[in-house]
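So the chains spell out like this:
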Amino acid sequence: MRVEKLSHRNWFAVLALLGACATGPKNASDPSRPILEDRAVLDRCEKDLEALQQQFGVSDAAYSDARQALLTKEPRAAPWIAKWMVTMAVADADRWQASGVVPERAGTLEKNRNYPLYRARRELAELGPTGRRAIFVYLLRDRRTQLRSLAKYLLEAHDPAALRQDLMHEYDEGNEPSKREVLAFLAELGPDPASEALLERCLAHPDWQQRGTAIRALGVLAKDRSDKSAFVARAWQLANDDRDAWVRGRALLALADAGAVDQVRALVDRLEQVMSGDRGSEISAAIEALRDLTGRDYGSSVSRWREWLDGSSRGQ
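Conventions and cut-offs
Residues numbered from 1 in each chain as written. Predicted model: local features only at pLDDT ≥ 70, side-chain atom pairs only at ≥ 80, totals over all residues. Heavy atoms only, no water. Helix = DSSP H or I, 4+ residues; strand = E, 2+ residues; numbered from the N terminus. Buried < 20%, exposed > 50% of the residue type's maximum accessible area, 1.4 Å probe, protein only. Contact = heavy atoms within 4.5 Å. Core = buried A, V, L, I, M, F, W, Y, C linked by side-chain atoms within 4.5 Å. Expected span 1.5 Å × (residues − 1). Phe/Tyr/Trp six-rings, centres within 6.5 Å; stacked < 30°, edge-to-face > 60°. Axes fitted to C-alpha atoms, helices over the stretch in contact; angles between N-to-C directions. Left-handed = near helix turned anticlockwise from the far one by under 90°. Nonpolar A, V, L, I, M, F, W, Y, C, P; charged D, E, K, R; others polar. Salt bridge = Lys/Arg side-chain N within 4 Å of Asp/Glu carboxyl O.

Colleague: What am I meant to see in the side chain of Asp92 here?
Modeller: Relative to the helices and strands, Asp92 resides in helix H5 (residues 78–98). Residue classification places Asp92 among the buried residues on the basis of a relative accessible area of 5%. Sequence-distant contacts of Asp92, defined by excluding residues within four places in its chain, comprise Tyr115, Pro116 and Leu117.

What follows is the structure, given as structure tokens:
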């Protein structure tokens, strides 16, 4: 494997993939993207960081000890290492995708575990809060869906309890794309009173995207509950009363997320209602929810859905 020496001046060039300048002042146009690294640390630790980069590049067994020795000597070098690892992950994920391979799938194969993306993923987990902070700032807060998806993949390697706590903090600090990703991610981590309280609060948020994301996240959390009645009532309240059509559609999809099969007839009724009103986003949401709950696909044909429902109720 070819290794390029990381010189003092091109630390910044190699990190430019992230679109965040490490040397300038805090970005006034987006204060949610702070500078995490101390330039003075780079001045002092240039040789150590160069040596560490070369060891990582050739998968040197001494890398972990060298990294720990540097962090013991200078703990403030951790954000530099974390940012470098995020950059390595971005570059290698791009390479996998350019070759037509889904990086997350490639990572399940033992033969691929030493590619930069997967080693960087493990390193960011080793860096704990510093690693998560870099992922939040440089990927989860990005406007590009591809980078936010990569952030999620990298974060999945972290301890769930610590990750949940940091996600809650990120919701308070992050920008709008990050906040929405946090809401969805919290649901994937499973039931938690603090997470559910945040999601409930977001159902009344002024931002329509947060409301729609929150109701679907609550649907995911309701899936394994034997009693879904409270969630079902909440979802229908939003589907009936929210001022935004997209949010009303998300509420219908949330019923499918929750596996609320007893709501199929009500969804058919809603499909008929929105069809008569030509409410496009709600029509597509109702059809998708019905498809997910039943495994059937009768599209917008209310009569076909009712015919199937009547047959099912007679045990056919």
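Colleague: Quick question: what am I supposed to make of the nonpolar core here?
Modeller: Across soluble globular proteins, you tend to see nonpolar side chains buried next to one another. The biggest cluster of nonpolar side chains holds 90 residues, and the ones touching the most others in it are Ile81, Leu117, Leu139, Leu154, Phe231 and Leu271. Take this core: its biggest share by element is eleven residues, from H5. In this structure Leu154 touches Ala89, Leu117, Arg121, Leu124, Ile135 and Leu139, once residues within four positions along its chain are discounted.

Colleague: Sorry if this is basic, but what is going on with H5 here?
Modeller: In an α-helix there are 3.6 residues to a turn, and that puts residues three or four apart on one side. Spanning 21 residues, H5 covers 30 Å between terminal C-alpha atoms, matching the ideal 30 Å at 1.5 Å per step. Along H5, 15 of the 21 residues are buried, which leaves the element largely enclosed by surrounding structure. Once H5 finishes, Gly100 follows within two positions and takes phi at roughly 85°, a positive value.

Colleague: Please clarify how the packing of aromatic side chains should be interpreted in this entry.
Modeller: Ring pairs (aromatic) are described by centroid distance and by the angle formed between their planes. On inspection of all chains with the given rule, the structure shows eight aromatic pairs. Between Trp96 and Tyr118 the ring centres are 6.2 Å apart and the planes differ by 50°, which places this aromatic pair in the tilted class. Taken together, the residues span a long stretch of sequence, with Trp96 in helix H5 and Tyr118 in helix H7 (residues 116–126) at a distance of 22 residues. The two residues Trp96 and Tyr118 agree in class, both being buried. Judged by centre distance (6.4 Å) and plane angle (85°), the ring pair of Trp305 and Trp308 falls under edge-to-face. With a gap of three residues between them, Trp305 and Trp308 both fall in helix H18 (residues 302–313), about one helical turn apart. For the pair Trp305 and Trp308, one class covers both residues: buried. An aromatic cluster is built from Trp96, Tyr115, Tyr118 and Tyr153, whose rings are joined through pairwise contacts.

Colleague: It is not clear to me how the packing of helix H3 (residues 46–57) against H5 should be interpreted in this structure. Could you clarify?
Modeller: Packed helix pairs are characterised by how far apart their axes lie and by the angle those axes make with each other. Put simply, H3 and H5 touch, their axes get as near as 12 Å, and they point 35° apart. The handedness of the crossing between H3 and H5 is right-handed. Contact with H3, carried on its side by Leu49, Leu52, Gln53 and Phe56, involves Ile81, Trp84, Met85 and Met88 of H5 and no other residues of that element. Partitioning the contact of H3 with H5 into residue classes produces seven nonpolar, one polar and no charged.

Colleague: Help me understand the side chain of Ser178 in this model?
Modeller: Relative to the helices and strands, Ser178 is located in helix H11 (residues 176–188). Ignoring sequence-local partners within four residues, the contact set of Ser178 consists of Leu140, Arg141 and Glu170.

Colleague: It is not clear to me how the pattern of salt bridges should be interpreted in this structure. Could you clarify?
Modeller: Pairing is possible between side chains of opposite charge, provided their charged atoms come close. Taken as a whole and judged by the stated rule, the model has 29 salt bridges. Here Arg144 and Asp142 are joined by a salt bridge, their closest N and O atoms 2.8 Å apart. Classification of Arg144 as partly exposed rests on a relative accessible area of 44%. What makes Asp142 buried here is its relative accessible area of 6%. Between Arg291 and Asp297 there is a salt bridge, and its shortest N-O distance comes to 3.4 Å. Connected through salt bridges with shared partners, the residues Asp38, Arg44, Glu74 and Arg76 form a single ionic network.

Colleague: Is there a simple way to explain helix H9 (residues 145–155) in this structure?
Modeller: Taken together, the buried positions of H9 are Leu147, Arg148, Leu150, Ala151, Tyr153, Leu154 and Leu155. Against the buried residues of H9 lie H5, helix H6 (103–106), H7, helix H8 (129–140), helix H10 (160–173) and H11.

Colleague: Explain the environment of Glu104 to me, please; I cannot follow it from the model alone.
Modeller: Checked against the element boundaries, Glu104 lands in helix H6. Each C-alpha atom, one on Glu104 and one on Leu150, is 8.8 Å from the other, the two residues being 46 residues apart in sequence. With near-sequence residues (within four places) excluded, Glu104 lies in contact with Ser149 and Tyr153.

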